[in-house]
Amino acid sequence: MATPTPTDTKIVYIGILRNAQPDPIELCCERELSSYSRFTRGSISEFTTMFSKILTGHTTPNSRKEVQEKEFVFHVYAHENGVTGVAITNEAYPSRIANGLIGKIVQEFCTENPGAKTATEPVPFPALKDYITKYQKPENVDNITMINNQLEETKVVLHKTIESVLERGEKLDDLVQKSEGLSSQSKMFYTSAKKQNSCCIIM
C-alpha cells in the first residue's frame, strides 16, 4: 500500500472533540486525503476519527500528548474545559508548529463556542478548513512557531504507539473490531493492512 512521501500531504486531519465519557464526541473536523486512493479514503477517514476519539479519551484536561504511529504523529491538546484538539501529521511535519496550531485552534474554538463543553452534536467551525489549507506548508506560514504561554508551560508527553496510550488490558485490535464508527470494509482494511505489515495501519 503506497503511502505519502514527506513532500506529500503534511496534515491529514484536524479535529475538535469533546471528551465525553465513555465515548468522546467529534464536534468538527477537516481532512486532507487527496494523496490517497479514492478506494481507501473512506476507511482512512473513519480511522482518523476513531483514533482521535481514543486519544481524546486517554488525555486528561490541561495536558498534551504526541503519539507516533509508524510515520504519522498525533498531536493532542486537551483544554481544561474538556474540549480536545487533535492534529494528525506525517513525521516530517515540525512538531512545534503542529503543537502551536492545535493549541491556537482549540483556544479560538472555545472562545467562539463557550457551550461546546456540553455539546452532543457537531459544532460548526469554518476556520478549520482555512487552517488545514494554510498550514500544509509550514514554511509558508508566518509567526506560527510561537506557542502561547499556557502551552509552553504544558509538557508534551511522548508515546511511540497508540496502543501504548491505552489502559492496561485494552487492545487496539479489540477496539477496532468493537467500534460502531467503523464500517465492515474499514475493519477488513485494518486487518488486511496489519497482516501485510503495512508501514501504517490506517494510512
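Every residue gets a number counted from 1 within its own chain, in the order that chain's sequence is written. Per-residue local features are limited, in this predicted model, to residues with pLDDT of at least 70; the limit for side-chain atom pairs, both in listing and counting, is 80 or more; totals at the level of whole chains, interfaces and linings are taken over all residues. In computing side-chain values, all of the structure's heavy atoms are included and hydrogens and water are not.

Where an unreviewed UniProt entry is consulted, the chain appears under the name Synaptobrevin homolog YKT6, with the organism given as Aspergillus versicolor CBS 583.65. UniProt positions are given in the numbering used here, feature names are shortened, and annotations may be inferred rather than shown by experiment. The UniProt entry for the chain carries this comment under Sequence similarities (unreviewed entry): "Belongs to the synaptobrevin family."

Colleague: What's the story with the overall build of the chain in this structure? I'm lost.
Modeller: Helix and strand content of the chain: 6 helices and 6 strands. Secondary structure elements follow DSSP: runs of H or I no shorter than four residues count as helices, runs of E no shorter than two count as strands, and numbering proceeds from the N terminus. Beginning at the N terminus, the succession of helices and strands in the chain can be written as β-β-α-β-β-β-α-α-α-β-α-α. Every one of the 203 residues in the chain was classed for burial, and the buried ones make up 51%. Here, two residues are considered to be in contact whenever any of their heavy atoms come within 4.5 Å of each other. Restricting to contacts in the chain with at least 6 residues of sequence separation, those with at least 24 account for 63%. Every accessible area reported is derived by Shrake-Rupley at a probe size of 1.4 Å, with residue values counting cover from the shown protein chains alone. Carbon and sulfur atoms form 49% of the exposed surface of the chain, whose accessible area is close to 10300 Å². Three labels apply to residues, based on accessible area from a 1.4 Å probe with only protein chains included: buried if under 20% of the type maximum, exposed if over 50%, partly exposed otherwise in between.

Colleague: Before we go on, may I ask you to explain the packing of aromatic side chains in this structure?
Modeller: Here the distance between the centres and the angle between the planes together describe a pair of aromatic rings. Think of it this way: a Phe, Tyr or Trp ring, Trp meaning its six-membered ring, pairs with another when their centres are within 6.5 Å, and the plane angle makes it stacked under 30 degrees, edge-to-face over 60, tilted otherwise. Counting across every chain of the model gives 4 aromatic pairs. Between Phe-109 and Phe-125, the ring centres sit 5.3 Å apart and the planes meet at 85 degrees, which makes this aromatic pair edge-to-face. One end of the pair, Phe-109, is in helix H2 (residues 95–112); the other, Phe-125, is in the loop between H2 and helix H3 (127–134), with 16 residues separating them in the sequence.

Colleague: Explain the pattern of salt bridges here, please?
Modeller: Any two side chains of opposite charge can pair if their charged atoms end up close together. Here, a salt bridge means any Lys or Arg side-chain nitrogen found within 4 Å of an Asp or Glu carboxyl oxygen. Scanning all chains against the criterion turns up 2 salt bridges. Arg-31 is paired through a salt bridge with Glu-26; the nearest N and O atoms lie 3.8 Å apart. For Arg-31, a relative accessible area of 26% puts it in the partly exposed group. A salt bridge links Lys-104 to Glu-108, with the shortest nitrogen-to-oxygen separation between them at 3.2 Å. Of the two residues, Lys-104 and Glu-108 both sit in helix H2, 4 residues apart, roughly one turn of that helix. What makes Glu-108 partly exposed here is its relative accessible area of 26%.

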